[in-house]
Amino acid sequence: MARRSFSTALKQEIACLTFGQGYSERPACQAVGIGPAAVRHRVEQLRLERGGKIAERSKALTPQQPRIQGLEVQIHRIGREKEILKRPPRS
């Protein structure tokens, strides 16, 4: 049996049903046809993102997170380049 995948928009809708609109897990699961563990995961991910943190190994749910993730990658790259420039030249 193939693993089902869901769009980012659907994942955000699922999380908003429970986190933002006060639905309990069971009605949210039945509304979209997924299991309770997936709903809990998405709610926790949305809670982290709204708190300004990035969920590890997950595609962003909120529109700002992809930009934040891209900027963090850029900052990390610039830091590595800066460390290379600090090294004394080889003689």
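Now for a look at the structure at hand. Here the structure is a predicted model, which is why all the values come from computation and not from measurement.

Parameters at a glance
- Here, residues in each chain are numbered from 1, in the same order as that chain's written sequence.
- The model is predicted, so local features are restricted to residues of pLDDT at least 70 and side-chain atom pairs to those at 80 or more, both for listing and for counting; the totals for chains, interfaces and linings are taken over all residues.
- The side-chain quantities take in all heavy atoms of the structure and omit both hydrogens and water.
- Any carboxyl oxygen of Asp or Glu that lies within 4 Å of a side-chain nitrogen of Lys or Arg is treated as forming a salt bridge with it.
- What counts as a helix is a DSSP run of H or I of at least four residues, what counts as a strand is a run of E of at least two, and both are numbered from the N terminus.
- Using protein atoms alone on a 1 Å grid, points that fit a 1.4 Å probe yet trap it form a cavity, whereas open point sets bounded by protein on both sides within 12 Å along at least five of seven lines form a pocket; residues with an atom within 4 Å of a point count as lining.
- Grid points are joined across faces, edges and corners, and a volume is the space filled by probe spheres set on the points.
- Think of it as three bins: nonpolar holds Ala, Val, Leu, Ile, Met, Phe, Trp, Tyr, Cys and Pro, charged holds Asp, Glu, Lys and Arg, and polar takes everything else, Gly as well.
- To estimate the expected span of a helix, subtract one from its residue number and multiply by 1.5 Å.
- Note on classification: 1.4 Å probe, protein chains only; a residue is buried when its accessible area is under 20% of the maximum for its type, exposed when over 50%, partly exposed between these limits.
- Read the arc as the range of directions from the helix axis to the C-beta atoms.
- Any pair of residues with heavy atoms lying within 4.5 Å of one another is described as a contacting pair.
- Geometry is summarised by axes, namely lines fitted to C-alpha atoms with helices restricted to the contacting stretch, and by angles between N-to-C directions that run from 0 to 180 degrees.
- By the definition adopted for this analysis, an angle is roughly parallel if under 35 degrees, roughly antiparallel if over 145, roughly perpendicular if from 65 to 115, and oblique otherwise.
- The sense of a crossing depends on the near helix, which, turned anticlockwise from the far helix by less than a right angle, makes the crossing left-handed and, turned clockwise, makes it right-handed.

Glancing now at the pattern of salt bridges. Taken as a whole, this structure holds 3 salt bridges when the rule is applied. Close ionic contact of Arg47 with Glu44 constitutes a salt bridge, the shortest N to O distance being 3.2 Å. One end of the pair is Arg47 and the other is Glu44, both in helix α3 (residues 36–50) and 3 residues apart, which spans about a single turn.

To continue, consider the layout of surface pockets. In this structure, the largest pocket spans a volume of roughly 330 Å³. For the largest pocket, the full set of lining residues is Arg3, Arg4, Ser5, Phe6, Lys11, Ile14, Ile34, Gly35, Ala38, His41 and Arg42. Elements represented by at least two residues in the lining of the largest pocket include exactly α1 (8–20) and α3. Here the lining of the largest pocket gets 3 residues from one element, more than from any other, and that element is α3. The class makeup of the residues in the lining of the largest pocket is 4 nonpolar, 3 polar and 4 charged.

Looking now at α3. Here α3 spans 21 Å end to end across 15 residues, near enough to the 21 Å set by a 1.5 Å rise per residue. What α3 keeps buried is the set Val39, Arg42, Val43, Gln45, Leu46 and Glu49. The buried residues of α3 occupy an angular sector of 160° when the element is viewed end-on, so they sit on one face. Structurally, α3 contributes buried residues whose contacts are with α1, α2 (25–32) and α4 (64–86). Just past α3, the residue Gly52 takes up positive phi, approximately 90°.

Right, let's get into the packing of α1 against α2. Axis separation between α1 and α2 bottoms out at 9 Å; the angle between their running directions is 150°. It follows that α1 is roughly antiparallel to α2 by the angle criterion. By crossing handedness, the relation of α1 to α2 is classed as right-handed. Together, Leu10, Ile14, Leu17 and Thr18 of α1 and Glu25, Ala28 and Val32 of α2 make up the contact between the two elements. Taken together, the residues of the contact of α1 with α2 sort by class into 5 nonpolar, 1 polar and 1 charged.

The next subject is the environment of Arg26. Note that Arg26 resides in helix α2. The class of Arg26 is exposed, set by a relative accessible area of 63%. In this structure, the C-alpha to C-alpha distance between Arg26 and Pro36, residues 10 residues apart in sequence, is 6.9 Å.

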